[in-house]
Amino acid sequence: MQNIKDLTLSEIEQGLASLGEKPYKALQVFAWVFHGGAGSFDEMTNLSKELREKLKASFCISRPKIIVKQESKDGTKKLLLELEDKNRIECVLIPEGNRLTLCVSSQAGCPLDCAFCVTGSGGFVRDLKLSEMADQVFVAQSLLSHGQKITNLVLMGMGEPLLNYDEVIKFLNIATHQKGMGFAPKRVTVSTSGIVPMIERLSKETKVNLAVSLNATTDEIRSRLMPINKKYPLKILLDA
Ligand code: SF4
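Each chain carries its own residue numbering, running from 1 in the written order of its sequence. Totals for whole chains, interfaces and linings use all residues, but because this is a predicted model, local features are given only for residues with pLDDT of at least 70 and pairs of side-chain atoms are given and counted only at 80 or more. Hydrogen atoms and water are omitted, and side-chain values are computed over all heavy atoms in the structure.

Right, let's talk about helix 6 (residues 165-175) for a bit. For helix 6, the tally of buried residues reaches eight of 11 residues, placing the bulk of the element in the interior. Note on contacts: a residue pair is in contact if any heavy atoms of the two residues lie within 4.5 Å. A run of H or I in DSSP counts as a helix once it spans at least four residues, and a run of E counts as a strand once it spans at least two, with each numbered from the N terminus. Where the residues of helix 6 are buried, they touch helix 2 (25-34), helix 5 (130-142), strand 9 (152-155), strand 10 (188-192) and helix 7 (196-205). Any residue under 20% of the maximum accessible area for its type is buried, any over 50% is exposed, and the rest in between are partly exposed; the area is computed with a 1.4 Å probe on protein chains only.

A few words now on the domain arrangement of the protein. Each domain span listed reflects an automatic or database assignment of domains. Looking at the assigned domains, one finds that the protein contains domain 1 (2-60) and domain 2 (65-239). Contacts between the two partners involve 14 residues from domain 1, matched on the other side by 13 residues from domain 2. Put simply, buried area is the surface a 1.4 Å probe can reach on two separate parts but cannot reach once they are joined, added for both. Taken together, the two surfaces of domain 1 and domain 2 that pack against each other cover about 1,100 Å², and 64% of this comes from carbon and sulfur. Contact with domain 2 buries area across many residues of domain 1, yet Lys-5, Asp-6 and Phe-34 alone supply 47% of it, more than any other trio. Whenever a carboxyl oxygen of Asp or Glu lies within 4 Å of a side-chain nitrogen of Lys or Arg, that contact is scored as a salt bridge. Here domain 1 and domain 2 share one salt bridge between them. Residue Lys-5 pairs with Asp-135 through a salt bridge whose shortest N-O separation is 2.5 Å. Counted as a polar contact is a pair of N or O atoms within 3.5 Å, where, for protein atoms, one must be capable of donating a hydrogen and the other of accepting one, and residues adjacent in sequence contribute only when both atoms are in side chains. Inspection of the domain 1/domain 2 interface yields four residue pairs in polar contact (both at pLDDT 80 or more). Going through the elements one at a time, helix 1 (9-18) and helix 2 are the ones with two or more residues in the side of domain 1 that touches domain 2. Sorting elements by how many residues they give to the side of domain 1 that touches domain 2 places helix 2 first, with five residues. For the side of domain 1 that touches domain 2, a count of residues per class yields seven nonpolar, four polar and three charged. Throughout, the ten residues Ala, Val, Leu, Ile, Met, Phe, Trp, Tyr, Cys and Pro are labelled nonpolar, Asp, Glu, Lys and Arg are labelled charged, and all others, Gly among them, are labelled polar.

Note: two strands are recorded as paired if DSSP finds a minimum of 2 bridges between them. The strand order 3-4-5-6-9-10-11 describes an open sheet built from seven strands, whose pairing is mixed. Of all the strands in the sheet, the pair left with one neighbour each is strand 3 (65-71) and strand 11 (209-212). With strand direction ignored, the average angle separating the axes of adjacent strands in the sheet is 20°. Where strand 5 (residues 88-96) and strand 6 (residues 99-103) come together, five bridges link them in antiparallel fashion. Residue Leu-93 lies in a different strand from strand 6, and its bridge partner there is Leu-102. In this analysis, axes come from line fits to C-alpha atoms, helices being fitted only over the stretch in contact, and the angle between any two N-to-C directions falls in the range 0 to 180 degrees.

Turning our eyes to something else, we now look at the nonpolar core. The definition of a nonpolar core used throughout is a set of buried Ala, Val, Leu, Ile, Met, Phe, Trp, Tyr and Cys residues joined through side-chain atoms within 4.5 Å. Membership of the largest hydrophobic core comes to 64 residues, with the highest contact counts inside it found for Ile-4 and Leu-153. Two domains share this core, each providing at least three of its residues, namely domain 1 (2-60) and domain 2 (65-239). Ignoring anything within four residues of it in the chain, the contact list for Ile-4 reads Ile-12, Val-29, Val-33, Phe-34, Phe-41, Leu-55, Phe-59, Cys-60 and Ile-61.

Moving on, we come to the site of the ligand. For this description, a residue counts as near a given molecule or strand if any of its non-hydrogen atoms is within 4 Å of it. Around the ligand, the surrounding shell consists of Cys-110, Leu-112, Asp-113, Cys-114, Phe-116, Cys-117, Gly-120 and Gly-159. Each residue belonging to the shell around the ligand can be placed in one class, and the counts come to five nonpolar, two polar and one charged.

In structure tokens, the structure reads:
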């Protein structure tokens, strides 16, 4: 059964149209899923019972599972989550002054093999789906006390976000949609090791921030630390 958290607003509209429902209801469903973080269709109380039953028969809503939760003295919380196929990913909540930043993973494992990175040394498993990125936000938010909110998102967890571009752009659009998670684009950052063609695309398609992980100022050292530098050396990376 299709997880409704893997659908964009227009895909929810198409889904509702195929159930004989009016397109405007898609925005209500979208808001319940991505703004309200609903864990079941029964929570969507401004929808008719008939529509809720139709949704239940056609879609499911994922619920992430926390395997390990570690908290450090400064309040940083690291969560190990298990996905439906038993793969595991991490996300980290980082408090700093008035900010509470969630570091989100975009892949299970990573293919880029940076010399300093434990994720890279374990190899690549698979790209994460939209729902698996969104669930990191919902599960982290669910651990906070009343009135506490995640203020910033950084895609700086496991994986290279720009190698999972299509799902990441869906996630960014929902994260910054007023009826979705509602983050201002300036509070969302994508961190890349330097996938040049995708940097150019990202700059055209979103308004979120970009962070580039440099780690060295010469191609010789950077290529040793980050093999992706052989494909996209510093000059073209900096130009991008
Ligand atoms: S791109 Fe990021 S996650 Fe991938 S190996 Fe390099 S540092 Fe690790």
